[in-house]
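Close look at the chain arrangement
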Amino acid sequence: MNKIFRYRYYLARRTTQLLVLGGYFLANLYGWEMLKGNLSSSVLFGFIPLSDPFATLQTFLAGAVISADVLVGVAVVLFFYGVVGGRFFCSWVCPVNIITETAAALRRKLGLGEKDAPSLLSRQVRYWVIALTLLLSFVFSISAFEVISPIGMAHRGIIFGFGMGWFFLVALFFFDLFSQKYGWCGHICPLGGFNAIVGKYSLIKISHDAEKCVHSQECFLVCPEVGVLSSVGKKSYIVTGKECIKCARCIEVCDSGAFEVSIVGIARQLKEGA
Ligand code: SF4
Ligand code: SF4
């Protein structure tokens with residue numbers, strides 16, 4: 001299979017991530033209106049507000065008044081997450097994903113543990129981090145995660161210059177490399193967890209066809225959220241696990257074509273007990 005076609009989703013994701021960063025960079029440098037702001041709050045094409053629901057919730061709990069623009073921005077983002085899925089942000093937009101996917105690929109190359117490795121942290125930790133973040137925001141009147149977010153650090157580092165934030169990003173890379181597969185994005189990041197919750201019933205999913213499955217296990221090696229693949233090889237199913245980041249790596253590595261993008265209705269997901 002042609003390599004460009006095989007890795008079409010990977011190439012499209014990296015292109016999108018770089019275009020988003022490029023949009024912010026050019027807005028900062030030349031004042032272009034294409035994409036102004038940051039990954040928490042932006043204006044697209046000079047008139048479409050985009051506001052991160054998790055950042056907005058923290059700001060609200062910290063005691064700030066949320067303006068009508070920001071609320072409209074939250075509604076736009078929630079609509080998008082409702083259709084495509086909240087964790088689409090992780091694999092198609094977030095710059096940290098480039099770091100953590102690189103660390104995961106290097107782990108595979110170095111044979112640092114993929115399948116059946118004892119897990120240092122539970123994947124549920126991120127949901128506790130969400131609760132802690134919201135509590136701290138309320139108690140200390142600050143947007144708690146935004147202060148220390150590696151996503152904000154990566155964004156600021158790339159757009160405004162290389163500050164101290166890069167030290168933390170390098171630390172994050174080595175944490176993911178040596179601790180466990182997708183240690184940060186798959187276990188700790190509260191934004192990824194929050195977006196998983198709000199995008200749970202999104203319409204765009206991945207489907208698996210058990211008839212085509214040859215049990216090569218390739219999907220398990222690359223999937224950042226292996227829990228969502230628990231039925232692979234046993235039955236045909238729609239990957240309804242909310243943690244799926246829609247990276248399409250499973251589609252790319254499966255030579256038998258058992259995975260594909262699927263558009264399903266909320267009713268069907270509810271019927272299947274998603
Ligand atoms: S889990 Fe967090 S850091 Fe990782 S890609 Fe998603 S939003 Fe970015
Ligand atoms: S199931 Fe596929 S699309 Fe979803 S996270 Fe895993 S590899 Fe990515």
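The sections below set out a description of the structure shown in this document. Throughout this description, residue numbers start from 1 for each chain and increase along the sequence as written. Whichever chain is written first is A, and whichever ligand is written first is 1; the rest continue in order. The predicted origin of the model limits local features to residues at a pLDDT of at least 70 and limits the giving and counting of side-chain atom pairs to 80 or more, whereas totals for whole chains, interfaces and linings rest on all residues. Water and hydrogen atoms were dropped before computing side-chain values, which therefore reflect all heavy atoms in the structure.

Things to note about a nonpolar patch on the surface
Taken together, the side chains of Leu132, Leu135, Leu136, Phe138, Val139, Phe140, Ile142, Val147 and Ile148 present a nonpolar region at the surface, about 890 Å² in accessible area. Of all the secondary-structure elements, those providing two or more residues to the nonpolar patch are helix H7 (125–140) and helix H8 (144–148). Examining the composition of the nonpolar patch, we find that six residues originate from one element, H7, more than from any other. In this text, helices come from DSSP runs of H or I with a minimum length of four residues, and strands from runs of E with a minimum of two, each type numbered from the N-terminal end. Tracing the backbone shows isoleucine 142 in the loop between H7 and H8. Given a relative accessible area of 40%, isoleucine 142 falls into the partly exposed group. Like charges within 9 Å and nonpolar side chains (Val, Leu, Ile, Met, Phe, Trp, Tyr) within 5 Å are joined into patches, using only residues over 30% in relative accessible area that form no salt bridge. Here, Shrake-Rupley sampling with a 1.4 Å probe gives the accessible areas, and only protein chains in the shown set may cover a residue. Any Lys or Arg side-chain nitrogen found within 4 Å of a carboxyl oxygen on Asp or Glu counts as a salt bridge. Relative accessibility under 20% of the residue-type maximum defines a buried residue, over 50% an exposed one, and the middle range a partly exposed one, all with a 1.4 Å probe and only protein chains included.

Re the site of ligand 2
Around ligand 2, a shell composed of Ile206, Cys223, Pro224, Val228, Leu229, Cys244, Ile245, Lys246, Cys247, Ala248 and Cys250 is seen. For each structure, a 1 Å grid was placed over the protein atoms alone; sets of points admitting a 1.4 Å probe that cannot get out are labelled cavities, open sets with protein on both sides within 12 Å along at least five of seven lines are labelled pockets, and lining residues have an atom within 4 Å of a point. Should more than half of a molecule's atoms lie within 2 Å of a pocket's or cavity's grid points, that molecule is taken to sit in it. Of all the cavities here, the one that holds ligand 2 is the second largest cavity. A breakdown of the residues in the shell around ligand 2 according to their chemical character gives ten nonpolar, no polar and one charged. We call a residue near a given molecule or strand whenever any one of its heavy atoms falls within 4 Å of it. Note on residue classes: Ala, Val, Leu, Ile, Met, Phe, Trp, Tyr, Cys and Pro are nonpolar, Asp, Glu, Lys and Arg are charged, and everything else, Gly too, is polar.

Structural notes on the packing of helix H6 (residues 96–110) against helix H10 (residues 165–178)
The relative placement of two packed helices comes down to the angle between their axes together with the axis-to-axis distance. Every axis in this analysis is a line fitted to C-alpha atoms, fitted for helices over the stretch in contact. Angles between the N-to-C directions lie between 0 and 180 degrees. Here H6 crosses H10 at 35 degrees, and the two axes come no closer than 8 Å. Where H6 crosses over H10, the two elements pack in a sense that is right-handed. Across from Val96, Ile99, Thr100, Thr102, Ala103, Leu106, Arg107 and Leu110 in H6, the residues of H10 making contact are Leu169, Leu172, Phe173, Asp176, Leu177 and Phe178. Each crossing gets its hand from how the near helix is turned against the far one by less than a right angle, where anticlockwise is left-handed and clockwise is right-handed. For this analysis, residues touch if any pair of their heavy atoms sits within 4.5 Å.

Quick notes on the packing of aromatic side chains
Classification of ring pairs rests on two measures: the distance between centres of Phe, Tyr or Trp rings, Trp counted by its six-membered ring, which must be within 6.5 Å, and the angle between planes, read as stacked under 30 degrees, edge-to-face over 60 and tilted in between. Applying the stated rule across the entire model yields nine aromatic pairs. Here the aromatic rings of phenylalanine 88 and tryptophan 92 are separated by 5.3 Å at their centres, their planes lie at 5 degrees, and the arrangement is stacked. Placement of the pair is phenylalanine 88 and tryptophan 92 together in helix H5 (residues 88–92), with a separation of four residues, close to one helical turn. According to the relative accessible area criterion, tryptophan 92 is buried, its value standing at 13%. Centre to centre, the rings of phenylalanine 173 and phenylalanine 174 are 5.3 Å apart; their planes meet at 80 degrees, and the pair counts as edge-to-face. Of the aromatic side chains, those joined through ring pairs into one cluster are Phe54, Phe145, Trp184 and Phe194. In this analysis the charged atom, NZ for Lys or CZ for Arg, is taken to sit over a ring once it is within 6 Å of the ring centre and within 35 degrees of the ring normal. The positively charged end of arginine 8 is found above the aromatic ring belonging to phenylalanine 5, 4.1 Å away from the centroid.

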